[in-house]
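Overview (structure and organization)
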Amino acid sequence: MSWTTTLAGLPEEPALAGTIALLRYLLLLGLLDCAAGWAAAGLAGRSKVFYLPRCGYKKWVRLMLGRSWLAALPVLAAALALSLWRSADPAENIWISAGILALNMLVLIGVQSLLIALFGTAAAGFVPLILTQLLSLFVSKALPGAWKLILPGNWGMAARSTLAQPDGFPLFWTLGVEAALALILWAAGWRLVRFYDRKGGNR
């Protein structure tokens, strides 16, 4: 089975995929990160005046998470449609790749949004996120076995999972961890922002 669609990510040696495949994947990640970060930063910039006095931390942070996730969806949907149209991979593989990437981005974009809420600038979320993804792309091959799982950017690449290679990361275990992390971000992320603000970190 083929896992060459951009949505499936890259093999652990990115050079094996070719320069064009690498640039496509980096472009996709960059667009997803920027779309979500722009939405979160726009809401964070107006929080003190318009949102916090009216709805409190819980609703405000969840509103930010929801908007950032929704902002990334059109990018992912466009990539999915383009892959279904142009990729030679089986449609089933393309849908699976998109689902794996979507769950990974749900978690990473959630972390980006919380960092933006904590520190008030888009760069505070975007820089750590893109660095995590780049490290996952280029450092993974240097880590043995299960140590590869400390790089969350790996989790979104079907091409690096057990679906594509016997020694890949354990897909179903990883999906469970990501689903749990997404729920934690939604349920308790606002508490972290409130705690940070009350400690005087966002003055």
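No experiment lies behind these values; they were computed from the predicted model shown.

**Points about the overall build of the protein chain**
A tally of regular secondary structure across the protein chain gives 5 helices and 0 strands. Counted from the first residue to the last, the protein chain has its helices and strands arranged as α-α-α-α-α. In summary, the protein chain has a C-alpha radius of gyration of 17 Å against a globular reference of 17 Å for 203 residues, a match within 12%. Taken along the three principal axes of its C-alpha coordinates, the protein chain extends 55 × 35 × 25 Å. In the protein chain, once contacts between residues fewer than 6 apart in sequence are set aside, the share between residues at least 24 apart is 67%. Looking at charge distribution, the protein chain has the averaged site of its 17 positive side-chain charges lying 21 Å from that of its 8 negative ones.

**What to know about helix 5 (residues 171-198)**
For an α-helix, 3.6 residues make a turn, and residues three or four places apart therefore share a direction. Taking 1.5 Å as the rise per residue, helix 5 with 28 residues should run 40 Å; its terminal C-alpha atoms sit 39 Å apart, in good agreement. Within helix 5, the axis deviates most sharply at A188, by approximately 55 degrees. Restricting attention to buried positions, one finds in helix 5 the residues L171, T174, E178, A182, L185, G189, W190, V193 and D197. One or two steps after helix 5, the chain reaches G200, where phi turns positive at roughly 90 degrees.

**Focus on the packing of helix 3 (residues 91-119) against helix 4 (residues 122-139)**
Geometrically, a packed helix pair is captured by the angle between its two axes and the distance between the axes. With their axes 7 Å apart at the nearest point, helix 3 and helix 4 run at an angle of 145 degrees to one another. Where helix 3 crosses over helix 4, the handedness of that crossing is right-handed. Contacts from M105, L108, Q112, L115, I116 and F119 of helix 3 reach helix 4 at A122, A124, G125, F126, P128, L129 and Q133. Of the residues that constitute the contact of helix 3 with helix 4, the class distribution is 10 nonpolar, 3 polar and no charged.

**Some points on the packing of aromatic side chains**
For the structure shown, the criterion picks out 3 aromatic pairs. Each ring, one from Y57 and one from W60, has its centre 6.2 Å from the other, and the planes form 70 degrees; the classification is edge-to-face. Taken together, the residues span about one helical turn, with Y57 and W60 both in helix 2 (residues 47-86) at a distance of 3 residues. The exposure classification of Y57 matches that of W60, with both residues buried. For the cation-ring pair, R86 lies above W85, with the distance from its terminal atom to the ring centre recorded as 5.3 Å.

**Observations regarding the nonpolar core**
Formed by 39 residues in total, the largest nonpolar core has its most connected members in L7, L32, W60, L101 and V193. Listing elements by their share of this core, those giving two or more residues are helix 1 (19-45), helix 2, helix 3 and helix 5. Per element, the largest residue contribution to this core is 13 residues, and it comes from helix 2. Sequence-distant contacts of V193, defined by excluding residues within four places in its chain, comprise Y57, W60, V61, L114, A117 and L118. One finds A8, I100, L149 and W155 within the second-largest nonpolar core, a separate group that totals 9 residues.

**Here we look at the pattern of salt bridges**
A full pass over the atoms with the stated rule returns 2 salt bridges. With its nearest N and O atoms 3.3 Å apart, the salt bridge here joins E12 to K148. A residue pair is termed long-range when its members are at least 10 positions apart, and E12 in the segment before helix 1 and K148 in the loop between helix 4 and helix 5 qualify at 136 residues. The exposure class assigned to K148 is buried, which follows from its relative accessible area of 14%.

**Here we look at the environment of M64**
Mapping M64 onto the fold places it in helix 2. In the structure, M64 is positioned 23 residues away from A41 in sequence and 8.6 Å away in space, judged by C-alpha atoms. Not counting residues up to four positions away in its chain, the partners in contact with M64 are A40, L43, A44, S113 and A117.

**Some remarks on the side chain of S161**
Structurally, the position occupied by S161 is in the loop between helix 4 and helix 5. The class for S161 is buried, based on a relative accessible area of 0%. For S161, the side chain forms a polar contact with the main-chain oxygen of A158, separated by 2.8 Å. Setting aside anything within four residues of it in sequence, one finds S161 in contact with G168, F169 and L171.

Scoring rules and cut-offs
For every chain, the first residue of its written sequence is number 1, and the numbers climb from 1 along that sequence. Local features in a predicted model are, by the rule used here, given only for residues with pLDDT of at least 70; side-chain atom pairs are given and counted only at 80 or more, and totals for whole chains, interfaces and linings are based on all residues. By convention in this description, side-chain values take in all heavy atoms of the structure and omit both hydrogens and water. Every helix listed is a DSSP run of H or I at least four residues long, and every strand listed is a run of E at least two residues long, numbered separately from the N terminus. Both definitions apply: the radius of gyration is a C-alpha atom measure, and the globule rule equals 2.2 Å times residues to the power 0.38. The contact criterion used throughout is that any non-hydrogen atoms of two residues lie within 4.5 Å. Under the convention used here, Asp and Glu are negative, Lys and Arg are positive, and both His and the chain ends fall outside the count. By convention, the point assigned to a charge is CZ for Arg, NZ for Lys, CD for Glu and CG for Asp. Helix span is expected to be 1.5 Å times the residue number reduced by one. Bend, at a single residue, is the angle you get between axes fitted to the 7 residues ending at that residue and the 7 residues starting at it. Working definition: with a 1.4 Å probe on protein chains only, accessible area under 20% of the residue-type maximum means buried, over 50% means exposed, and in between means partly exposed. Think of each axis as a best-fit line through the C-alpha atoms, taken over the contacting stretch in the case of a helix, with angles from 0 to 180 degrees between the N-to-C directions. Working rule for handedness: look at the near helix, and if it is turned counterclockwise from the far one by less than a right angle, call the crossing left-handed; if clockwise, right-handed. Polar here means any residue other than Ala, Val, Leu, Ile, Met, Phe, Trp, Tyr, Cys and Pro, which are nonpolar, and Asp, Glu, Lys and Arg, which are charged; Gly is therefore polar. What counts as a ring pair is set by centres within 6.5 Å for rings of Phe, Tyr and Trp (its six-membered ring), and what kind of pair is set by the plane angle: stacked under 30 degrees, edge-to-face over 60, tilted for all other angles. Put simply, a charge is over a ring when the Lys NZ or the Arg CZ is close to the ring centre, within 6 Å, and near the line of the ring normal, within 35 degrees. What makes a nonpolar core is a set of buried Ala, Val, Leu, Ile, Met, Phe, Trp, Tyr and Cys residues whose side-chain atoms join them at distances within 4.5 Å. Any carboxyl oxygen of Asp or Glu within 4 Å of a side-chain nitrogen of Lys or Arg constitutes a salt bridge here. Distance and chemistry together define a polar contact, namely a pair of N or O atoms within 3.5 Å, with one atom able to donate a hydrogen and the other to accept it when in protein, and with adjacent residues in sequence counting only for side-chain atoms on both sides.

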